[in-house]
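What follows is the residue order along each chain.
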Amino acid sequence: MNHHIKTLKETIEPVRQKLIAHPVYQMVQSPEDLRVFMEHHIYAVWDFMSLLKSLQQALTCVAVPWVPVGTANTRYLINEIVAGEESDVDEAGNRISHFELYLKAMHQSGANTEAIHQLIGQIKNGKSAAEAIAATVATEGIRQFLQFTFDTIATQKPYLVASVFTFGREDLIPDMFLRLVNELSGTSAISFSIFKYYLERHIEVDGDHHSHLAIEMLEQLCGSDETKWAEATHYAKAAMEARIRLWDAVVERLNN
């Protein structure tokens, strides 16, 4: 393992363990609880795609006329991840993005999608991300989480975006949470089968193949620059802390 990656992982491990042990996973015990979880988690699925597309814009040419940008290897790495995230397959084998698959799971389970549809609608109508978030997101923990993401993108430093994308945005779903989803999918009158498929697919694709590609991409972007690695480590840790605040918002909602 690259010694910079090893050091980064060791540095962020305490906050990673805090995230894995977050009480949100134990508090989700019913179909109603799981719907609340999904109504918050959808924002993490959405802005993950924004991190991804920011990297694609920075590391490849998306303009006409085309000119070569960066290295062919980094172009390959990000384009392969984009293809998998934007054009994966649903439970029936149809092409679908992971965001749209998650929305499909929400619709199946009866989770409320009005707020995220309003956010997307505002952006499609020309609003900036900040304007759309301010107009449609009422929960402070969600707003802080999204603000960190778009502040990271605004740095225009691909290695920072890559670090947040690679380490700070791991979903880190514990086994006991997967067991609960499996149980609810099999016993609840409300189906969570698509959400179960989404989690399994996410672990298979994002947690395995894509994570390795992303680590390789970060290694190439930081190279041997110690300053870049220090910044990348700081942002990875901060991203996990932002995810903890998002999970705190779910806990607060469940308690209320």
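Everything in this summary refers to the structure shown in the same document. (Residues numbered from 1 in each chain as written. Predicted model: local features only at pLDDT ≥ 70, side-chain atom pairs only at ≥ 80, totals over all residues. Heavy atoms only, no water.)

## Quick word on the overall build of the protein chain
Inference 1: For the protein chain, the helix and strand inventory stands at twelve helices and two strands.
Inference 2: For the protein chain, the N- to C-terminal ordering of α and β elements is α-α-α-α-β-β-α-α-α-α-α-α-α-α.
Inference 3: Here the C-alpha radius of gyration of the protein chain, 18 Å, is about what a compact globule of 256 residues would show, namely 18 Å.
Inference 4: Oriented by its inertia axes, the alpha-carbon framework of the protein chain measures out at about 50 × 40 × 35 Å. (Helix = DSSP H or I, 4+ residues; strand = E, 2+ residues; numbered from the N terminus. Rg over C-alpha atoms; globule rule 2.2 N^0.38 Å.)

## So, the pattern of salt bridges
Inference 1: If you walk through the whole model with that rule in mind, you get twelve salt bridges.
Inference 2: As a salt-bridge pair, Arg143 and Glu140 come within 2.4 Å of each other at their nearest N and O atoms. Of this pair, Arg143 and Glu140 both sit in helix H8 (residues 140-154), three residues apart, which is roughly one turn of the helix.
Inference 3: The partly exposed category is assigned to Arg143, whose relative accessible area is 28%.
Inference 4: If you follow the salt bridges from partner to partner, you end up with Asp90, Glu91 and Lys104 in one network. (Salt bridge = Lys/Arg side-chain N within 4 Å of Asp/Glu carboxyl O. Buried < 20%, exposed > 50% of the residue type's maximum accessible area, 1.4 Å probe, protein only.)

## A short note on the nonpolar core
Inference 1: In terms of nonpolar packing, the biggest core is built from 86 residues, with Leu34, Phe37, Ile42, Phe99, Tyr102, Phe177 and Phe195 touching the most fellow members.
Inference 2: No other element matches helix H3 (residues 31-59), which puts 15 residues into this core.
Inference 3: Not counting the four nearest positions on each side in its chain, Phe177 is found in contact with Tyr25, Val28, Leu34, Phe37, Phe195 and Leu199. (Core = buried A, V, L, I, M, F, W, Y, C linked by side-chain atoms within 4.5 Å. Contact = heavy atoms within 4.5 Å.)

## Remarks on the packing of aromatic side chains
Inference 1: Under the definition given, this model contains ten aromatic pairs.
Inference 2: Aromatic pair Phe37 and Trp247: ring centres 5.0 Å apart, planes at 35 degrees, arrangement tilted. With Phe37 in helix H3 and Trp247 in helix H12 (residues 226-255), the pair connects residues that are 210 residues apart, well separated along the chain.
Inference 3: Classification of Phe37 by relative accessible area gives buried; the value is 1%.
Inference 4: When its relative accessible area of 0% is taken as the criterion, Trp247 is described as buried.
Inference 5: What links up through ring pairs into an aromatic cluster is the set Tyr25, Phe37, Phe177 and Trp247. (Phe/Tyr/Trp six-rings, centres within 6.5 Å; stacked < 30°, edge-to-face > 60°.)

## Considering helix H10 (residues 175-187)
Inference 1: In this model H10 runs 18 Å from its N-terminal to its C-terminal C-alpha over 13 residues, within 8% of the 18 Å that 1.5 Å per residue would give.
Inference 2: Three or more residues of H10 are buried, namely Phe177, Leu178, Leu180, Val181 and Leu184. The buried residues of H10 occupy an angular sector of 155 degrees when projected down its axis, which confines them to one face. For H10, the exposed residues lying more than 90 degrees away from the buried face are Asp175, Arg179, Gly186 and Thr187. (Expected span 1.5 Å × (residues − 1). Arc of directions from axis to C-beta.)

## Observations regarding the environment of Gln29
Inference 1: Looking at where Gln29 falls in the secondary structure, it is placed in the loop between helix H2 (24-27) and H3.
Inference 2: When the C-alpha positions of Gln29 and Ala105 are compared, they lie 18 Å apart, and in sequence the two are 76 residues distant.

## A closer look at the packing of H8 against helix H9 (residues 158-168)
Inference 1: Where H8 meets H9, the closest approach of the two axes is 8 Å, and the angle between their N-to-C directions is 150 degrees. The orientation of H8 with respect to H9, classified from their angle, is roughly antiparallel. When H8 is examined against H9, the residues Phe148, Thr152 and Ile153 are found in contact with a partner set consisting of Leu160, Val161 and Val164. (Axes fitted to C-alpha atoms, helices over the stretch in contact; angles between N-to-C directions. Parallel < 35°, antiparallel > 145°, perpendicular 65-115°, else oblique.)

## So, H12
Inference 1: With 30 residues, H12 extends 44 Å between its outermost C-alpha atoms, agreeing within 8% with the 44 Å of an ideal straight helix rising 1.5 Å per residue.
Inference 2: A distance of 2.9 Å separates the backbone nitrogen of Thr227 from a side-chain oxygen at the start of H12, and that oxygen is part of Asp225. (Polar contact = N/O pair within 3.5 Å; in protein donor to acceptor, adjacent residues only side chain to side chain.)

## Digging into the environment of Ala130
Inference 1: With respect to the secondary-structure elements, Ala130 resides in helix H7 (residues 129-136).
Inference 2: The spacing of Ala130 and Phe150 is 20 residues in sequence and 8.2 Å in space, taken between C-alpha atoms.

## Describing the packing of H3 against H9
Inference 1: Between H3 and H9, whose axes approach to 10 Å, the crossing angle comes to 145 degrees. For the element pair H3 and H9, the recorded crossing hand is left-handed. Contacts between H3 and H9 involve Phe48, Leu51, Leu52, Ser54, Leu55, Ala58 and Leu59 on the former and, on the latter, Pro158, Val161, Ala162, Val164 and Phe165.
Inference 2: Residue classes in the contact of H3 with H9 are distributed as eleven nonpolar, one polar and no charged. (Left-handed = near helix turned anticlockwise from the far one by under 90°. Nonpolar A, V, L, I, M, F, W, Y, C, P; charged D, E, K, R; others polar.)

## Some words on the environment of Leu101
Inference 1: Following the sequence through the fold, Leu101 ends up in helix H5 (residues 98-109).
Inference 2: Judged by relative accessible area, Leu101 falls into the buried class, the value being 1%.
Inference 3: Separated by 75 residues in the primary sequence, Leu101 and Gln26 have C-alpha atoms spaced 25 Å apart.
Inference 4: Apart from the residues within four sequence positions on either side, Leu101 is in contact with Asp90, Glu91, Ile96, Ile194, Tyr197 and Tyr198.

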